[in-house]
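A closer look at the structure
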Amino acid sequence: MTHPAAPPPSDRRRALLARRRATIGSRSPLFYETPLEFVRGSGVWLEEASGRRFLDAYNNVPHVGHCHPRVVEALGAQAATLNVHTRYLNERVLQYAEELLETFGGGLDRVFFTNSGSEANELALRLARQRTGATGVLVTDSSYHGNTITLAELTTGLTVAEPLGAHVRALHLPDLDRPGTDDGTDEDQVLRDGLAAVDHAIASLQEAGHGVSALLFDPLFSSEGLPRLPAGYVEGLCRRVQAAGGLVISDEVQSGFGRCGTVMWGHQLFDITPDLVTLGKPMGNGHPMGGVVTREELLEDFGRRNMYFNTFAGNPVSSAVGLAVLHVMRDEDLMGRAKRVGAALREEFLRLAAESAVTGAVKGQGLYLGLSFVEPDDPARANAPAAKAVVEGMVASDVLISRIGPDDDVLKIRPPLAFDDEHADLLVARLAPVLRAAGQRG
């Protein structure tokens, strides 16, 4: 029996796009000018339907690598044994909670499990509002923390129909690497100006009757383009919020789980103690998971006034997956790998940036790196078209990256932590000619 030949990739793609528009709609965004259809993943590789393989230097969802065998095995074994409502006792759930909390310090000793990072941030804001009796929230001016209506009202880094809430104040980050900033910048003055803006925002919330319930921030400020802040800014910001009666919420969906290389959690880069830490997708390596880590007194205070539970967040299957992720990170020393490979990559990016007229600062740390782009005839201006050309050029070279920042001018390089030296070498080898081509177009 003969089978009809498979349709050409372009025909198959058009058919899938038509089906997507007819069901999911045309407004759900896809990456890249030519959308990709992936059918399998392994480690740091994704394979398209055509058999073409892509080096994944972008996705932090498969934190320990796509379809890691130990994670897959743990998921299947627990799913074949038991998955049940979280209002029963279960050893696996408690083991995961204990081992997760062991990675924290500073009195962070209790966890609420959720199903996503958005849900975790929503819960943390609710807890902060009830604890403080205030409604005011501080965020930064190109941030994103999730998709609920509460979070949409404080989103400054994506297009949303909801206006910025009257109870929200957005802080402009003092980025020492902003285009046009030179080596003569007075860092102490930048720090003073930045903290004066924090004082003004807090006073504005208080004068308007909102008070200060929380600061919600990503310790790497990833959506903001991985800025290089003056030393002491984050500490000064958090001290001012807590002195005003607010809680500090560290959103670790992007910054956490060893990605920075030197610390397990992004807030540990600074001399601060957050009141709440929110977690998301890396917890489950693609399985939907989230969490809010906090102190006993805050959990108990919230629990006295709310009958709070979540039917399936932190269920036995999710807990088995989460444990597998933690164990793989420990056994394969993925945090140490992020430090080593990230440092080597950063050096290579500095070398490449020095050779290009359109590149600006190298940003980030560990395995979350960025490279900014500037106009060749005006280094004070961001160059989003060049960044976009590089992203598309890398896809054409079978490497996945993206871009971030308020001007979309910073490459976003955030691979699974399974990324190793050979993958870094391949990334640099593919990036070099693409950067040269972008410089020639510029």
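Quantities reported herein were computed from a predicted structural model and do not represent experimental measurements. (Residues numbered from 1 in each chain as written. Predicted model: local features only at pLDDT ≥ 70, side-chain atom pairs only at ≥ 80, totals over all residues. Heavy atoms only, no water.)

Examining the overall build of the protein
As a reminder of what qualifies: A run of DSSP states H or I qualifies as a helix once it reaches four residues; a run of E qualifies as a strand once it reaches two. Both are numbered from the N-terminal end. Within these notes, the globule rule equals 2.2 Å times the number of residues to the 0.38 power, and the radius of gyration is based on C-alpha atoms. Burial classification: accessible surface area is computed with a 1.4 Å probe over protein chains only, and a residue below 20% of its type maximum counts as buried, one above 50% as exposed, and the rest as partly exposed. By the convention used here, residues are in contact when the closest approach between their heavy atoms is within 4.5 Å. Per-residue and other accessible areas follow the Shrake-Rupley method at a 1.4 Å probe size, with only the shown protein chains counted as cover for residues.
Of regular secondary structure, the protein possesses twelve helices and 16 strands. Relative to the compact-globule value of 22 Å for 442 residues, the protein shows a C-alpha radius of gyration of 22 Å, a close match. If one aligns the C-alpha atoms of the protein with their principal axes, the spans along those axes are about 65 × 65 × 45 Å. Expressed as a percentage of the 442 residues in the protein, the buried residues total 51%. For the protein, long-range pairs separated by at least 24 residues make up 73% of all intrachain contacts whose partners lie at least 6 apart in sequence. Total accessible area on the protein is roughly 19700 Å²; 51% of this is exposed by carbon and sulfur atoms.

Things to note about the sheet that holds strand β2 (residues 45-48)
For clarity, the cut-off: At least two bridges found by DSSP between two strands are what make those strands a pair.
Spatial ordering of the open sheet is given by β1-β2-β3-β14, a layout of four strands whose pairing is mixed. Here the strands that pair on one side only, and so sit at the sheet edges, are β1 (38-42) and β14 (399-400). Both β1 and β2 contribute to a ladder of four bridges, which runs antiparallel. Residue pairing across strands places Ser 42 opposite Trp 45, the latter belonging to β2.

Focus on helix α10 (residues 334-354)
The cut-off we apply is this: Multiplying one less than the number of residues by 1.5 Å gives the expected span of a helix. The arc in question is formed by the directions pointing from the helix axis toward the C-beta atoms.
For α10, spanning 21 residues, the distance from its first C-alpha to its last is 30 Å, which sits close to the expected 30 Å at 1.5 Å a residue. The set of residues buried in α10 consists of Leu 334, Arg 337, Ala 338, Val 341, Gly 342, Leu 345, Phe 349, Leu 352 and Ala 353. Projected onto a plane normal to the axis of α10, the buried residues spread over an arc of 115° and lie on a single side. Along α10, the residues that are exposed and aim more than 90 degrees away from the buried face are Glu 347 and Ala 354.

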